[in-house]
Amino acid sequence: MVRAAQRNPSANSVSDRIAGKSLTLAALLVAALILWVVVDVLWQGAGRLSWEFVTTAPSDVGRAGGIAPMLVATMLILAVCLAAATPMAIATAIWLAEFAAAGRALRLSLDVLAGMPSIVFGLFGYVFFVHMLGLGFSILAGGLTLACMVLPVVTRACEESLRALPDGYRLGCAALGVSRAATLWRLQLPAAMPGLAVGIVLGIGRALAETAALLYTSGYVDRMPTSFSDSGRALSIHIFDMSMNVPGGDRGAYGTALVLLVMLIGINAVVFAISTWWSETRLEQA
Amino acid sequence: MTSWLASISPPSRRDRWLQWCLRATAWVVGGILLFLLLFLLREAWPVLRDVGLMPLFDDPSWHPTEGRYNLLPMLAGTLYAAVGALLIAAPLGWACAAYAVYFAPRRLAAWLQKLIALAAGIPSVVYGLWGLVVLVPLIAAYQPPGASLIAAVLVLAVMILPTIILLTESALRSVPRELLHGAAALGLGQWGSLRRVVVPAARSGLLAAMVLAAARALGETMAVLMVAGNVVQFPATVWDPIRTLSANIALEMAYAMDHHRAALFASGLVLALLVIALMLMAACLHSPCPARESRRGRWA
């Protein structure tokens, strides 16, 4: 590493000291900027946060009351998104890692898809799911649009974790005459589970954070959703609407932003714990 | 890799069935991109057919209800905001990544890593909220109206910083140690080996990081929508409000009809094509050894 150069007495020149100082300064600046945003949300959001805030419906267009319907709508959208995206992503990842002779075109298409602006997914979802499939502005349409969006991210992460498995697993199972399906189900998937979970968490993170793709697919309605075909307002859209369209809505927006941040951090922690536990027990059985 | 496996254990019927299912899913997933582009084109087609491509770029103004569809001011707004954000975020991000990888004490580096991972997960709408409530009033106090190109640039810069830092860090870490040991043996100092050895060796990774961050900045909708002021115009100074292509779609889609709607889809198509160009560029930069890409499936 560059650290090795520190031991070289002749090399510690003036330019080294200047470079070290200015890089430190840049890192401090970056950390300060990020902390500014995080602390701002914590500080302004904490004042709004209470048990009532997460369990009651909004009143006075969101200035008072809570965010319960948005929480439920967000969860439902996320459930639809994961239910659609996870099996497809894992299947595609297995195909890419284990079977595809040259998945180059598929990989490239996934990488391009991963970089597509979310508003483009919103347009696509609006035409395809909302109008063409006749789902209307609904949780179903929003969730499926998000599924298209998170698919590439989840797929590539799952592929990486399957590829990281040692070749010996495959060879051993082949020598024992175990079928490929059984090898995958009994050995490779459990062994890759932490990696798959990481991929899914990445997807959840992207889905929870998304706003633009939901504007014209899951809609704005802030009532409690009663089915998947109801329109539901996601937390991120609530933040947008409160801060832009409701005078005096900033505090509600900050409270919602804090809830969203805590959810993002919490889900990360929980899924990691579950995935480690699951992969351990599955491997013992196998 | 281990493709000879096929000769040892011939696939059972169940295996063949599994393989077909996986292949079908992979085709569907691979088709999404094509499908998405075809739909955008189909919806944009009425305006391309009746009005043509050129008026989208040389009509006198953007008044879609009166049949004037000039996207240029918004395209300019998009590019100005993205380029401005990159100019600020790229040097800062590179410096921060270099510090984290080569200079920071181990514990501080780990702490920095956590903070940056946290920042990468913050929703863009939260960055927008921070920009709207904190940044815009600060700018307005200096030079009204506050919601402006500079606000968009700053919010975007903060937003793409984590992307740049994470990608740059992984590019820096992939530089072989032998090169650094060689540099140290030759008597190069920290700065010397960073500038003369690490940066040239990691150049493609550094560029790819920048291209991917640019794609993110170009396509960002919410954060920009909240702070940029959304006036359709060529900004004369950085203090003037702008409207980006993506913000325009989000603002007008709700009530757009007929050709207006088609023009919005056309602008979505323009955005998509811009991003595709950038992603292809990043892909070219990222695969210096094409041999690695074409490895055979293990069981094929």
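Residues numbered from 1 in each chain as written. Chains lettered and ligands numbered in written order. Predicted model: local features only at pLDDT ≥ 70, side-chain atom pairs only at ≥ 80, totals over all residues. Heavy atoms only, no water.

J.: Just give me the short version of the overall build of chain B, but keep the residues and values in it.
T.: Summing up its helical and strand segments, chain B has 14 helices and two strands in all. In terms of its C-alpha atoms, chain B occupies a principal-axis envelope of roughly 70 × 60 × 30 Å. Taken over 300 residues, chain B has a buried fraction of 54%. Intrachain contacts of chain B at a sequence separation of at least 6 include 72% that bridge at least 24 residues. In the form shown here, chain B has an accessible surface area of approximately 13,400 Å², with 67% of it arising from carbon and sulfur atoms. When the 22 basic and 13 acidic side-chain charges of chain B are each reduced to a single mean position, those positions are 20 Å apart. (Helix = DSSP H or I, 4+ residues; strand = E, 2+ residues; numbered from the N terminus. Buried < 20%, exposed > 50% of the residue type's maximum accessible area, 1.4 Å probe, protein only. Contact = heavy atoms within 4.5 Å. Areas by Shrake-Rupley, 256 points an atom, 1.4 Å probe, with all protein chains shown as cover. Lys, Arg positive; Asp, Glu negative; His and termini not counted. Charge placed at Lys NZ, Arg CZ, Asp CG, Glu CD.)

J.: Give a detailed account of the environment of B:Leu167, specifying residues and quantitative values.
T.: Residues and elements named next belong to chain B. Within the fold, leucine 167 resides in helix H7 (residues 149-173). A sequence separation of 93 residues divides leucine 167 from histidine 260, and the C-alpha atoms of the two residues are 39 Å apart. In contact with leucine 167, other than residues within four places in its own chain, are Ala209 and Leu212.

J.: Give a description of the pattern of salt bridges that names residues and reports values.
T.: Residues and elements named next belong to chain A. Enumeration over the complete set of coordinates arrives at 14 salt bridges over all chains. In this structure, the salt-bridge partner of arginine 156 is aspartate 111, at a minimum N-O distance of 2.7 Å. In this pair, arginine 156 is assigned in helix H6 (residues 139-163) and aspartate 111 in helix H4 (residues 104-115), connecting sequence segments 45 residues apart. Using a relative accessible area of 22% as the deciding quantity, one classes arginine 156 as partly exposed. A salt bridge links arginine 170 to aspartate 167; the shortest N-O distance between them is 2.6 Å. (Salt bridge = Lys/Arg side-chain N within 4 Å of Asp/Glu carboxyl O.)

J.: Tell me about the environment of A:Ser231, and please be specific about residues and values.
T.: All names here are of chain A. Of note, serine 231 is situated in the loop between helix H9 (212-215) and helix H10 (235-245). Serine 231 sits in the buried class, given a relative accessible area of 15%. A distance of 2.8 Å separates a polar atom in the side chain of serine 231 from the backbone oxygen of serine 218. (Polar contact = N/O pair within 3.5 Å; in protein donor to acceptor, adjacent residues only side chain to side chain.)

J.: Please give an account of the nonpolar core that cites residues and values.
T.: Residue and element names in this part refer to chain B. Counting 193 residues, the largest nonpolar core has Tyr102 and Leu172 as the members making the most contacts within it. Broken down by element, this core gets its largest block of residues, 18 residues, from helix H4 (residues 72-103). The residues contacting leucine 172, other than those within four sequence positions of it, are Ala97, Ala98, Val101, Tyr102, Val198, Ala202 and Leu206. (Core = buried A, V, L, I, M, F, W, Y, C linked by side-chain atoms within 4.5 Å.)

J.: Before we move on, could you go through the packing of helix H8 (residues 177-185) of chain B against helix H9 (residues 190-201) of chain B and cite the residues and values that matter?
T.: Residue and element names in this part refer to chain B. Running from N to C, H8 and H9 point in directions that differ by 160°, and their axes come no closer than 10 Å. With respect to H9, the axis of H8 lies roughly antiparallel. Of the two possible hands of crossing, H8 and H9 adopt the one that is right-handed. For the pair H8 and H9, contact is made by Leu179, Leu180 and Ala183 and by Ser193, Val197, Val198 and Ala201, respectively. (Axes fitted to C-alpha atoms, helices over the stretch in contact; angles between N-to-C directions. Parallel < 35°, antiparallel > 145°, perpendicular 65-115°, else oblique. Left-handed = near helix turned anticlockwise from the far one by under 90°.)

J.: Which residues make up the interface of chain B and chain A, and what values go with them?
T.: Contact residues are listed per partner, giving 104 residues for chain B and 94 residues for chain A. For the chain B and chain A pair, buried surface summed over both sides reaches about 8,900 Å², with 76% attributable to carbon and sulfur atoms. Run the count over chain B and chain A and you get zero salt bridges. Among the residues making up the side of chain B that touches chain A, the classes are represented as 72 nonpolar, 20 polar and twelve charged. (Buried area = accessible area lost by both parts, 1.4 Å probe. Nonpolar A, V, L, I, M, F, W, Y, C, P; charged D, E, K, R; others polar.)

J.: Talk me through helix H7 (residues 167-175) of chain A; I want residue IDs and the actual numbers.
T.: Residues and elements named next belong to chain A. Within H7, the full set of buried residues consists of Arg170, Cys173 and Ala174. Buried residues along H7 cover an arc of 100° about the axis, so they all sit on one side. The positive-phi residue at the C-terminal boundary of H7 is glycine 177, with phi of around 75°. (Arc of directions from axis to C-beta.)

J.: Summarise the confidence of the model for chain B; cite the residues concerned and give the values.
T.: A low pLDDT score tells you not to read the predicted coordinates there in detail. Scored by pLDDT, chain B has a mean of 87; 92% of the residues are at 70 or more. Overall, residues 289-300 of chain B carries pLDDT values under 50, and its contacts beyond four positions in sequence, including any with other chains, amount to 35 contacts. (pLDDT = per-residue confidence, 0-100.)

J.: Residue-level account of the packing of aromatic side chains, with values.
T.: Evaluated as defined, the whole model comprises 13 aromatic pairs over all chains. On the basis of an interplanar angle of 10° and a centroid distance of 5.5 Å, the ring pair of A:Phe124 and A:Phe128 is categorised as stacked. On the criterion of helical spacing, the pair formed by A:Phe124 and A:Phe128 is a turn pair, its members being four residues apart in helix H5 (residues 118-132). Judged by relative accessible area, A:Phe124 falls into the buried class, the value being 2%. Judged by centre distance (6.2 Å) and plane angle (65°), the ring pair of A:Tyr126 and A:Tyr216 falls under edge-to-face. Here A:Tyr126 is found in helix H5, whereas its partner A:Tyr216 is found in the loop between H9 and H10, with 90 residues between them in sequence. Judged on exposure class, the residue A:Tyr126 and its partner A:Tyr216 are both buried. The rings of A:Phe124, A:Phe128, A:Phe129, B:Phe35 and B:Phe39 are connected pair by pair, giving a single aromatic cluster. (Phe/Tyr/Trp six-rings, centres within 6.5 Å; stacked < 30°, edge-to-face > 60°.)

J.: Any details on the side chain of A:Ser243? Residues and values, ideally.
T.: Summarising the element assignment, A:Ser243 is placed in helix H10. What makes A:Ser243 buried here is its relative accessible area of 10%. A polar contact is formed between the side chain of A:Ser243 and the backbone oxygen of A:Ile239, at a distance of 2.9 Å. Excluding anything up to four places from it in sequence, A:Ser243 contacts A:Asp250, A:Ala253, B:Leu129, B:Leu132 and B:Met226.

J.: Quick one: what's the story with unusual backbone geometry, residue by residue and with numbers?
T.: Residue and element names in this part refer to chain B. The residue after proline 144, namely proline 145, is reached through a cis peptide bond having omega 10°. You can see proline 145 is positioned in the loop between helix H6 (124-142) and H7. Its identity is not glycine, yet aspartate 258 carries a phi of approximately 45°, on the positive side. You can see aspartate 258 is positioned in helix H13 (residues 258-286). A relative accessible area of 66% means that aspartate 258 is categorised as exposed.

J.: Talk me through helix H3 (residues 68-99) of chain A; I want residue IDs and the actual numbers.
T.: All names here are of chain A. For H3, with 32 residues, the first-to-last C-alpha span of 45 Å sits near the 46 Å given by 1.5 Å per residue. Along H3, the largest kink reaches about 25° and is centred on alanine 85; proline proline 87 follows within four residues of it. For H3, the tally of buried residues reaches 23 of 32 residues, placing the bulk of the element in the interior. (Expected span 1.5 Å × (residues − 1). Bend = angle between axes of the 7 residues up to and from the residue.)

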